[in-house]
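Tertiary structure, described
One letter stands for each residue in the lines below.
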Amino acid sequence: MSIAEAQARLGFSIGEVADRTGVSIDTLRYYEKSGLLPGITRTGAGRRTYSEDDCGWILFVRRLRATAMPIGEIARYAVLVREGVGIPADRRAMLEAHRDRVSAARDELTEALTILDRKIEHYAAAEHGIDVGCPSDPVSTVRLIDT
């Protein structure tokens, strides 16, 4: 048996999981208290031990948090998954609804980036003595400043 296989059977310490997942120890403890990591086992000395499956779940939770899914919603999803509550369609619907929110937020950010790019172009042009004005589409007309 390799060292990696032996470690996987014994479980990973909280520090090892933090290193493997990029999630801080404090955040792992918070996730457990918040119900995002139910069923983390402990040694006889009370130390947390994490399995490969736990690490995979933590990475998934991390991705959900990166999409701004609220902690409470992830906790509800965790209950559905871990306890087998509901049918897969319920879990899928929950993720689809969140995906729709993420998609809408992405569209809003894309629009905001377009506006920022236009403003940056405006100021870059002004630095070179070009007045692009401020019409509704500031980059559609460019005229030189009379000097």
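Right above here is the structure, for reference.
Residues numbered from 1 in each chain as written. Predicted model: local features only at pLDDT ≥ 70, side-chain atom pairs only at ≥ 80, totals over all residues. Heavy atoms only, no water.

**Quick notes on the overall build of the protein chain**
As a reminder of what qualifies: Put simply, DSSP marks the helices as runs of H or I at least four residues long and the strands as runs of E at least two long, and each gets a number from the N terminus on. The buried label goes to any residue with under 20% of its type's maximum accessible area, the exposed label to any with over 50%, and the partly exposed label to all in between, with areas taken from a 1.4 Å probe on protein chains only.
Helix and strand content of the protein chain: six helices and four strands. Order of helices (α) and strands (β) in the protein chain, N terminus to C terminus: α-α-α-β-β-α-α-α-β-β. Put simply, the protein chain has 147 residues, and 26% of those count as buried.

**Quick look at a nonpolar patch on the surface**
To keep it simple, the criterion reads: Put simply, a patch holds well-exposed residues, over 30% relative accessible area, that have no salt bridge, with like charges counted together within 9 Å and Val, Leu, Ile, Met, Phe, Trp or Tyr side chains within 5 Å. Per-residue and other accessible areas were derived by the Shrake-Rupley procedure at a 1.4 Å probe size, with only the shown protein chains allowed to occlude residues. Between Lys or Arg on one side and Asp or Glu on the other, a salt bridge is scored when a side-chain nitrogen of the former is within 4 Å of a carboxyl oxygen of the latter.
Residues L113, L116 and I120 make up a contiguous nonpolar surface patch of roughly 310 Å² in combined accessible area. In this fold, L116 is placed in helix α6 (residues 88-127).

**A few points about helix α2 (residues 14-21)**
Quick reminder: α-helices carry 3.6 residues per turn. Residues three or four places apart thus point the same way. The cut-off we apply is this: An arc is given here, and it is the one of the directions from the helix axis to the C-beta atoms. By definition in these notes, contact holds between two residues if any of their heavy atoms fall within 4.5 Å.
Buried residues of α2: I14, V17, A18 and T21, and no others. End-on, the buried residues of α2 take up no more than an arc of 105 degrees, which puts them together on one face. Buried residues along α2 sit in contact with α3 (25-33), β2 (48-49) and α4 (52-66). Residue G22 follows α2 closely and has a positive phi angle near 80 degrees.

**Quick word on the packing of aromatic side chains**
The condition that has to hold: Aromatic contacts are taken between Phe, Tyr and Trp rings whose centres are within 6.5 Å, Trp giving its six-membered ring; a plane angle under 30 degrees counts as stacked, one over 60 as edge-to-face, and the others as tilted.
All told, the structure shown has four aromatic pairs when counted by the stated rule. Seen from their ring centres, W57 and Y77 are 6.0 Å apart, and the 5 degrees between their planes marks the pair as stacked. In this pair, W57 is assigned in helix α4 and Y77 in helix α5 (residues 71-83), connecting sequence segments 20 residues apart. The pair formed by W57 and Y77 is uniform in burial state, with each residue classed as buried.

**Describing the packing of α2 against α3**
Each pair of packed helices can be summarised by the angle the axes make with each other and by the distance between the axes. Just so we agree on the cut-off: A fitted line through C-alpha atoms serves as each axis, taken over the contacting stretch for helices, and the angle formed by two N-to-C directions is quoted from 0 to 180°. Just so you know how the angles are binned, under 35 degrees is roughly parallel, over 145 roughly antiparallel, 65 to 115 roughly perpendicular, and the rest oblique. In this classification, Asp, Glu, Lys and Arg are treated as charged, Ala, Val, Leu, Ile, Met, Phe, Trp, Tyr, Cys and Pro as nonpolar, and every other residue, Gly included, as polar.
Two elements in contact, α2 and α3, have axes whose closest approach is 9 Å; the angle formed by their N-to-C orientations is 105 degrees. When the axis of α2 is compared with that of α3, the two are roughly perpendicular. On α3, the residues that touch I14, G15, V17 and A18 of α2 are I25, L28 and R29. When grouped by side-chain class, the residues that make up the contact of α2 with α3 number five nonpolar, one polar and one charged.

**Looking at the pattern of salt bridges**
All chains considered together, the criterion is met by seven salt bridges. Note that E32 is salt-bridged to R48, the shortest N-O span being 2.5 Å. Taken together, the residues E32 in helix α3 and R48 in strand β2 connect sequence positions 16 residues apart. Here E32 falls in the buried class, since its relative accessible area comes to 19%. Measuring nitrogen to oxygen at the nearest pair gives 3.0 Å for the salt bridge that ties E96 to R92.

**Regarding unusual backbone geometry**
With a phi close to 70 degrees, A68 is a non-glycine residue in the positive phi region. By secondary structure assignment, the location of A68 is in the loop between α4 and α5. Residue A68 is classed as exposed on the basis of its relative accessible area, which comes to 58%.

**Description of the environment of E73**
Along the chain, the position of E73 falls in helix α5. Residue E73 is classed as buried on the basis of its relative accessible area, which comes to 11%. For E73, the residues in contact, after removing those within four places along its chain, are M94, H98 and R101.

**Focus: the environment of G35**
Within the fold, G35 resides in the loop between α3 and β1 (41-42). For the pair G35 and Y77, spaced 42 residues apart in sequence, the C-alpha to C-alpha distance is 10.0 Å. In this structure, G35 is in contact with A75 and A78, ignoring residues within four places of it in sequence.

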